[in-house]
Amino acid sequence: MSDKTSNQMWGGRFAAGPDAIMEAINASIGYDQRMAAQDIAGSRAHAAMLAAQGIISDSDAEAIRKGLLTVLSEIEGGTFEFSTALEDIHMNVEARLKEIIGEPAGRLHTGRSRNDQVATDFRLWVRDQLDAAESGLLALIKELLSQAEAGADWVMPGFTHLQTAQPVTWGHHMMAYVEMFGRDLSRVRDARARMNESPLGAAALAGTGFPIDRHMTAEALGFDRPMANSLDAVSARDFALEFLSVASISAMHLSRFAEELVIWSSAQFRFVTLSDRFSTGSSIMPQKKNPDAAELIRAKIGRIFGANVALMMVMKGLPLAYSKDMQEDKEQVFDAADNWMLALAAMEGMVKDMTGNKPSLEAAASSGFSTATDLADWLVRETGLPFRDAHHVTGALVAMAERQGCDLPDLSLEDMQGVNGAITEGIFDVLTVQKSVASRMSYGGTAPEQVRAQVKRWREVLA
């Protein structure tokens, strides 16, 4: 389409088309064409409302409806020709609609501005992405629950500072991520509920003098209500920022788990085996099996964080209402959404396919004096020592085991009594990792019984 067509869309204000530089900096069709379905849905709802209110004729509304469906079919079929001269998805659709149905197309924009149009389209698009994120999180949580249930009584080391701390169960570790992604799921649902208000009908910034019915268009588009202030409706992008914030927190959780999978799948740990579907080989080292999917998840998270910061910077100094700066909102959100959805799907696949190495997990759980806290707790319970004194005694026993090159259960009773004479044979009942995890029966603890209870609770919540 020519510059002349573009000028006709604007009316008589401009005598000549913009030069190439202005066209390039002003155009957004290269990326906002992704909102075509949302744009056409908004226009269909608007046209139906205009006819219901007697603002346009029923015949014009029907022509617009059929024409918009034709445009949508062309876009989905890949035959639509997008034009940078027409700037954005809204003008491209409207121009093509005019070619198809003629004069009635010019009545579609009655009582509406591109300001409320783009705000509506963008909300609809972000809402769709929140729905997709909900599905992705649910699928990932279900795979984690399966892993937790299968390994509810497998022992493994729990770490602080990446140093062996206390024994935990594989199921307990998986359930920690269920809780994290469960909170992400809650944030997704909260964000969706909060942003589900319609800007359509706010027009440029002040509303319109036409007798429109904003509640009708809101309902048609699945919004809970129209936004209550026209200035806010066209200028607000906090819904996009909240999407990016939710995505960033969820991405951070994905990255933490990805980091653990990279470590766990190494030859030094051998805690898990990742499937060939989510690993690659080396071009020179035939023994290598690289956890590339986990590494790429870990890396892509930076793009999501960056998008969040970038849009914050775009919005932070803008006066009400609309400024052209806000055209820069979509690329950031589109890229972040793509990478979040991809990371969720990849993590779900890895969790579904990965195999925990029970013998390696148990061997690692028994190393590094992981039952030292159990020994201290036993001293408090059985001998009446204050915990700080019990802590000191346990530290002396750990030092003794280090000198002898053995673990705590391998010390003799005589050696232990040399540090504290109140120690009895009963101490050995708590020094195995299996008994350690079984004893952690406090709510939310690592005991297999508690893990199975949490798996059951989550399955009931999801059902």
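Above: the structure in question.
What counts and what doesn't
Residues numbered from 1 in each chain as written. Predicted model: local features only at pLDDT ≥ 70, side-chain atom pairs only at ≥ 80, totals over all residues. Heavy atoms only, no water. Helix = DSSP H or I, 4+ residues; strand = E, 2+ residues; numbered from the N terminus. Rg over C-alpha atoms; globule rule 2.2 N^0.38 Å. Buried < 20%, exposed > 50% of the residue type's maximum accessible area, 1.4 Å probe, protein only. Contact = heavy atoms within 4.5 Å. Areas by Shrake-Rupley, 256 points an atom, 1.4 Å probe, with all protein chains shown as cover. 1 Å grid on protein atoms, 1.4 Å probe; cavity = no way out; pocket = protein on both sides within 12 Å on 5 of 7 lines; lining within 4 Å. Points joined across faces, edges and corners; volume = space filled by probe spheres on them. Axes fitted to C-alpha atoms, helices over the stretch in contact; angles between N-to-C directions. Parallel < 35°, antiparallel > 145°, perpendicular 65-115°, else oblique. Left-handed = near helix turned anticlockwise from the far one by under 90°. Salt bridge = Lys/Arg side-chain N within 4 Å of Asp/Glu carboxyl O. Pairing = 2+ DSSP bridges. Patch = residues over 30% accessible without salt bridge, like charges linked within 9 Å, V, L, I, M, F, W, Y side chains within 5 Å. Nonpolar A, V, L, I, M, F, W, Y, C, P; charged D, E, K, R; others polar. Core = buried A, V, L, I, M, F, W, Y, C linked by side-chain atoms within 4.5 Å. Phe/Tyr/Trp six-rings, centres within 6.5 Å; stacked < 30°, edge-to-face > 60°. Lys NZ or Arg CZ within 6 Å of the ring centre and 35° of its normal.

Asker: Provide a residue-level description of the overall build of the chain, including the pertinent values.
Answerer: For the chain, the count of helices and strands is 19 helices and 6 strands. Its C-alpha atoms give the chain a radius of gyration of 31 Å, clearly above 23 Å, the size a compact globule of 463 residues would have. Taking the principal axes of its C-alpha atoms as reference, the chain extends roughly 100 × 50 × 40 Å. When burial is assessed residue by residue, the chain has 49% of its 463 residues classed as buried. The long-range share in the chain, meaning contacts at least 24 apart out of those at least 6 apart in sequence, stands at 74%. Here the chain has roughly 21,300 Å² of accessible surface; of this, 53% comes from carbon and sulfur atoms.

Asker: Can you tell me about empty space enclosed by the protein, naming the residues and giving the values?
Answerer: For the structure shown, the criterion picks out 1 cavity of 30 Å³ or more. When its volume is computed, the largest cavity comes out at roughly 30 Å³. Together, D39, S43, H90, V93, E94, L108, R112 and Q117 line the largest cavity. Mapped by element, the contributors of at least two residues to the lining of the largest cavity are α4 (36-52) and α6 (89-101). Looking at the lining of the largest cavity element by element, the count peaks at 3 residues for α6.

Asker: So what's going on with the packing of α4 against helix α7 (residues 114-150)? Residues and values would help.
Answerer: Taken N-terminus to C-terminus, the directions of α4 and α7 make an angle of 125 degrees; their axes are 9 Å apart at the nearest point. In terms of orientation, α4 and α7 fall into the oblique class. Our pair here, α4 against α7, has a crossing hand that is right-handed. Residues Q38, D39 and S43 of α4 pack against Q117, D121, L124, W125 and D128 of α7.

Asker: Break down the side chain of S436 for me, citing the residues and quoting the values.
Answerer: Here S436 is to be found in helix α18 (residues 433-439). S436 gets classed as buried once you look at its relative accessible area, which sits at 0%. In this view, S436 contacts P167, T371 and D374; residues no more than four positions away in its chain are not counted.

Asker: Hey, could you go over the pattern of salt bridges for me, with residue numbers and the actual values?
Answerer: This model, assessed by the stated rule, comprises 27 salt bridges. In this structure, R65 engages E62 in a salt bridge whose closest nitrogen and oxygen atoms are separated by 2.8 Å. Of this pair, R65 and E62 are both found in helix α5 (residues 58-77), 3 residues apart, which corresponds to roughly one turn of the helix. Taking the relative accessible area as the measure of exposure, R65 reaches 32% and is therefore partly exposed.

Asker: Can you tell me about the pairing of strand β1 (residues 155-160), naming the residues and giving the values?
Answerer: For β1 and strand β2 (residues 163-169), the ladder comprises 6 bridges, and the chain directions are antiparallel. The residue bridging P157 from the neighbouring strand is P167, located in β2. Between β1 and β2, which pair antiparallel in sequence order, lie 2 residues; one of them, H161, sits at a positive phi of approximately 60 degrees.

Asker: Provide a residue-level description of a nonpolar patch on the surface, including the pertinent values.
Answerer: A cluster of nonpolar side chains, namely L205, L231 and L320, defines an oily patch on the protein surface of about 270 Å² accessible area. By the secondary structure assignment, L320 is in the loop between α12 (292-315) and α13 (329-353).

Asker: Can you tell me about the layout of surface pockets, naming the residues and giving the values?
Answerer: Size it by volume and the largest pocket reaches roughly 460 Å³. Lining the largest pocket are 18 residues, with F159, T160, H173, R256 and E260 sitting closest to its centre. In the lining of the largest pocket, the residues fall into 10 nonpolar, 5 polar and 3 charged.

Asker: Describe the packing of α7 against helix α11 (residues 238-264), naming the residues involved and giving the relevant values.
Answerer: Look at α7 against α11: their axes get within 11 Å of each other, and the N-to-C directions meet at 20 degrees. On the basis of their axis angle, the class for α7 and α11 is roughly parallel. As for the relative orientation of α7 and α11, their crossing is left-handed in sense. Side by side, α7 and α11 meet where A119, F122, R123, V126, Q129, L130, L137, L140 and L144 of the first sit next to F239, A240, F243, S250, L254 and F257 of the second.

Asker: Give a detailed account of the nonpolar core, specifying residues and quantitative values.
Answerer: The biggest cluster of nonpolar side chains holds 76 residues, and the ones touching the most others in it are F257, W264, W340 and M347. Looking at this core element by element, the count peaks at 15 residues for α11. If we skip the residues at most four places from it in the chain, M347 touches L140, L254, F257, A258, L261 and I297. In this structure, L375, W378, L379 and M400 belong to the second largest nonpolar core, which totals 22 residues.

Asker: Help me get a handle on the packing of aromatic side chains, residues and values and all.
Answerer: For the structure shown, the criterion picks out 12 aromatic pairs. When the centroid spacing of 6.2 Å and the interplanar angle of 50 degrees are considered together, the rings of W264 and F271 count as tilted. Accessibility classification places W264 together with F271 in one group, the buried group. One aromatic cluster is present, formed by W154, F159, W170, W264, F269 and F271 through successive ring pairs. One Lys or Arg, R34, reaches over the ring of F334 and ends 4.9 Å from the middle of that ring. If you follow R127 out to its NZ or CZ, it ends over the ring of F223, 4.9 Å from the centre.

Asker: Describe unusual backbone geometry, with residues and values.
Answerer: Following L320, the chain continues into A321 via a peptide bond in cis, with omega recorded as 5 degrees. Relative to the helices and strands, A321 resides in the loop between α12 and α13. One non-glycine residue with positive phi stands out, namely L162, at about 60 degrees. Tracing the chain through its elements places L162 in the loop between β1 and β2.

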